[in-house]
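# Observations on chain architecture
For reference, the chains in residue letters:
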Amino acid sequence: MVKQTIQIFARVKPTVRKHQQGIYSIDEDEKLIPTLEIIVPRDLADGFVNNKRESYKFKFQRIFDQAAKQEAIFESIAKPVAESALAGYNGTIFAYGQTGSGKTFTITGGAERYTDRGIIPRTLSYIFEQLQKDSSKIYTTHISYLEIYNECGYDLLDPRHEASSLEDLPKVTILEDTDQNIHLKNLSLHQATTEEEALNLLFLGDTNRMIAETPMNQASTRSHCIFTIHLSSKEPGSATVRHAKLHLVDLAGSERVAKTGVGGQLLTEAKYINLSLHYLEQVIVALSEKHRSHIPYRNSMMTSVLRDSLGGNCMTTMIATISLEKRNVDESISTCRFAQRVALIKNEAVLNEEIDPRLVITRLQKEIQELKDELAIVTGEQRTEGLTEAELIQLEKLITSFLEDQDPESRLEVGADMRKIHHCFHHLKKLLNDKKILGKSSVSSEIKDQDQDQGCQYPSKEEEYKKLQDILKQRDNEINILVNMLKKEKKKTQDALHLPSMDRSEFRRTQTSPFPPGNPEESQRTLLSSAPRQAQDTSAFQHRSSLLHKKTGMREEMSLGRQEAFEIFKRDHADSITIEDNKQILKQRFAEAKALGESINEARNKIGHLKEEITQRHMQQVALGISENMAAPSLPDLLEEKLRAQLEEEKRRYKTMFTHLKALKVEIEHLQLLMDKAKVKLQKEFEAWWAEEATNLQANSPAVNSFDHIKSSPQTPEFQHERPRLLSNKSDVNARKILPSPPYPAPFNQKSSTRASLEDSISERPTSSIPLTGDSQTDSDILAFIKARQNILQKKCLGNK
Ligand code: ADP
Ligand code: MG
């Protein structure tokens, strides 16, 4: 058992504007406990404290000033916790501080650079490295990622996250068993066998969190996120299993509600969050008081989930993130005060060892059988009677568990009874034959199923027609937006032409899209795969891309027009610089990995040659000894020694390069995930912008009136019936969520006059309502573009009918 108070650390966020920085000092005398002193100017002090104190001192385990690197934070804070988790103790690291003070930066990492990766990715890296080194145990690692927002829990790794809004997802709820252990219902656990897989899960959760966030629910600052690594280990053959949970927690912003001063939804959320942090504080106060018997864990979801981390079986560490700008001084002081109270809490971490009863039973059964067999041998009693029903069942069970056991050292122990040995062989043969037959038949049935599926997948012509009809409507809206954009673009180009001082090459650079067609990442991936075989682990990449495919693949559903608009949007977006920079770094890393891969191959070949030379030299020496009828030379062979030295040197070189390549691979993976996340963010912002443009257009366009007119005219039942069905059409759901109803709904509902109404709707379209540029050349280009597109769509519609 390890008794320990909660460790508290402070991290001061770098201030961008030095003149706005508040006054503080850090006293880190080796002999004394490090102290952070915050000086409050008198005028400020008047505002919020009564006793007009000017200087506040707080003690911490360690204080990290502005220049502290992520690496140092990991080494001092997270590594010891990860180590004890590997040894079987629960651990928690939580970041507490006001919004913007660097909690997410510390726990997860920055969104731009690889060196900015935070505690979670570094801890994962460290844990998997240790697991690989330790072959004495069998480890399993699972990941879960929980978000608590407005007192409700959400599973950030729930695949439904992609399609649903936060509110529609099943809530994660707390269940308490009779031993008062907490269980979380609806929170999924995902096994991660490699660092890459775990990293993918982290990014998947973060991306899901970003997607669910809307301007109305800024969940990222108002929710708590708990990333948990579940570790279990057992020695081969042993029935004792060790479990440890490592929670890495990014809490909601700790700012007080009175200061937010906002109304409506925000206030409710702020209140809630402060309420849950308030309950956290209550629990902490209760724990720091000596003779309190009741600790109000159950008041909030977060304190229930973290019950063990607070005053329980856990090694807990808090990082107080502090932003010491003048305007944040009072929040910083309250963060430090909170930390001081937390430091009083004592935890008792115990080794979470458990005896797996199934394993004990199996072991005892084995023992009994062995004793019986021994007895049979000792008494010399050879058995001739048939095996009993129970014995047969027992044997088959043994075979099944032997086949299922992943432990390479497991054995099928049936003792010295030949009847049993024969039966085992028979049974295995039967299993093998059954499998063969099953394999064949399942293949044929799969083929059949596929055929049937495909049959079902063909949409009816009717549906196709409706879909196209719908697309036509959307395109109208797009055209209008595009015309507006064209106008703006034209103006930009003109302005650029009038600015002779503008650097042309710079202009060209900004013109190139951050993600040119042809997906350079794909080609880069192929490059990497030319590295040696050991370094080839494309499965991680595939895993990652399949996880994120749906999100980044949104573009595939975009029309040409929207894609064009997206390209321009992207080009002008501030993030495109980061994406572009990361792409360059990624390119470099791929080139490095490729070169390294080649060197590794060379080293490997050289090692092979050297080994061969040594063997040959050996054989020569032996042959010489025989032919000259001499004993083997007693003097050491200098040439062989030289060769061996070379071999050792090459092996060292190989090992160094290989370690480097592995690190490069992780970096590449991380950069790709960062880029994917940035792309999803960009996409999300584009969708929001597009929706806004469409709404604005509708509000301004004279066609709105004609739409109103149509809307108010009586609709046929079929039309009324059709619309909701169309709205639920899945493939278009994204576009529909964003695009309001188009301004020109053609009366497609009358089947008999489809052609006439379609043509009407097209010719009727008030071209004057399309905002033209006034430039006859451009205008005619736009009109030609629009006409061509309408023609194509019209043909498609008619062809389908
Ligand atoms: P919080 O999660 O507490 O609201 P963030 O971690 O999002 O705050 O930090 C706010 C901003 O400050 C982010 O842009 C982040 O990259 C940056 N930031 C925070 N801490 C640091 C640091 N130590 N070094 C560099 N940038 C930081
Ligand atoms: Mg944050």
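Please refer to the structure higher up on the page.
Residue indices begin from 1 for each chain and proceed along its sequence in written order. The naming scheme follows written order: chains are lettered A onward, ligands numbered 1 onward. A pLDDT threshold of at least 70 governs which residues receive local features in this predicted model, and a stricter bar of 80 or more applies before side-chain atom pairs are shown or counted, although totals over entire chains, interfaces and linings include all residues. Water and hydrogen atoms were dropped before computing side-chain values, which therefore reflect all heavy atoms in the structure.

What follows covers the site of ligand 1. Near ligand 1 you find R11, K13, P14, Q98, T99, G100, S101, G102, K103, T104 and F105, and these make up its full shell. Take K13: an N or O atom from its side chain is 3.3 Å from an oxygen atom of ligand 1. Within the backbone of S101, a nitrogen or oxygen atom sits 3.3 Å from an oxygen atom of ligand 1. With the chains in place, 65% of the 550 Å² that ligand 1 exposes on its own is no longer accessible. Looking at which element gives the most residues to the shell around ligand 1, the answer is helix α3 (residues 103-107), with 3 residues. For the shell around ligand 1, a count of residues per class yields 2 nonpolar, 6 polar and 3 charged. Only a single heavy atom is needed: when it lies within 4 Å of a molecule or strand, its residue is near that molecule or strand. Any pair of N or O atoms that falls within 3.5 Å is considered a polar contact. Within protein, one atom must be able to donate a hydrogen and the other to accept it, and sequence-neighbouring residues count only if both atoms are side-chain atoms. Here the Shrake-Rupley method, with its probe set to 1.4 Å, supplies the accessible areas, and only the displayed protein chains count as covering residues. Elements are defined by DSSP. Helices are runs of H or I of four residues or more, strands are runs of E of two residues or more, and each kind is numbered from the N terminus. Charged residues are taken to be Asp, Glu, Lys and Arg, nonpolar residues to be Ala, Val, Leu, Ile, Met, Phe, Trp, Tyr, Cys and Pro, and polar residues to be all remaining types, Gly included.

The next subject is the environment of A198. Note that A198 resides in helix α5 (residues 195-212). With 57 residues separating them in the primary sequence, A198 and T141 have C-alpha atoms 8.9 Å apart. Only heavy atoms matter for contacts: two residues are in contact if any of them lie within 4.5 Å across the pair. Setting aside residues up to four positions removed in sequence, A198 forms contacts with L124, F128, I143 and A192.

As a further point, take the sheet that holds strand β4 (residues 35-39). Pairing within the open sheet is antiparallel, and its 3 strands lie in the order β3-β4-β5. For this open sheet the edge positions go to β3 (23-27) and β5 (55-59), each flanked by a neighbour on one side alone. Ignoring strand direction, the axes of neighbouring strands in this sheet form an average angle of 15°. Criterion used throughout: strands pair if DSSP finds at least two bridges between them. Where β4 meets β5, 5 bridges bridge the pair, whose relative direction is antiparallel. Note on definitions: angles span 0 to 180 degrees between N-to-C directions of axes, and those axes are lines fitted to C-alpha atoms, for helices only across the stretch in contact.

By convention, a stacked pair of Phe, Tyr or Trp rings (six-membered ring in the case of Trp) has centres within 6.5 Å and planes under 30 degrees apart, an edge-to-face pair has planes over 60 apart, and any other such pair is tilted. With the rule as written, the count across this model stands at 11 aromatic pairs. Here the aromatic residues F566, F569, F686, W689 and W690 are joined through ring pairs into a cluster of three or more. Of note, R117 hangs over the ring of Y114, and the distance from its end group to the ring centre comes to 4.0 Å. To sit over a ring, a charge needs its Lys NZ or Arg CZ within 6 Å of the ring centre and within 35 degrees of the ring normal. Its end group placed over the ring of Y297, R307 keeps NZ or CZ at 5.8 Å from the ring centre.

Right, let's get into helix α2 (residues 70-87). Each helix should span, by expectation, one fewer than its residue count multiplied by 1.5 Å. Across its 18 residues, α2 extends 24 Å between first and last C-alpha, which sits within 8% of the 26 Å expected from 1.5 Å per residue. Taken as a whole, α2 carries its principal kink of about 45° at A78; the proline P80 stands between one and four residues after it. For every residue, the accessible area obtained with a 1.4 Å probe (protein chains only) is divided by the maximum for its type, and the residue is called buried under 20%, exposed over 50%, and partly exposed between those limits. Regarding α2, the residues found buried are Q70, I73, F74, I77, A78, V81, A82, S84, A85 and L86. Downstream of α2 by one or two residues, G88 has phi in the positive range, about 110°. Axes are fitted to the seven residues ending at a residue and to the seven starting at it; the angle between these axes is taken as the bend at that residue.

Of all hydrophobic cores here, the largest spans 64 residues; its most connected members are I93, I143, F227 and I229. Examining the composition of this core, we find that 14 residues originate from one element, helix α20 (residues 638-700), more than from any other. Among residues more than four places away in sequence, those in contact with I143 are L124, L157, S188, L189, H190, A192, A198, L201, F227, T228, I229 and H230. We call a set of buried Ala, Val, Leu, Ile, Met, Phe, Trp, Tyr and Cys residues a nonpolar core when their side-chain atoms join them within 4.5 Å. Within the second largest apolar cluster, 45 residues are counted, among which are I63, V172, L251 and A339.

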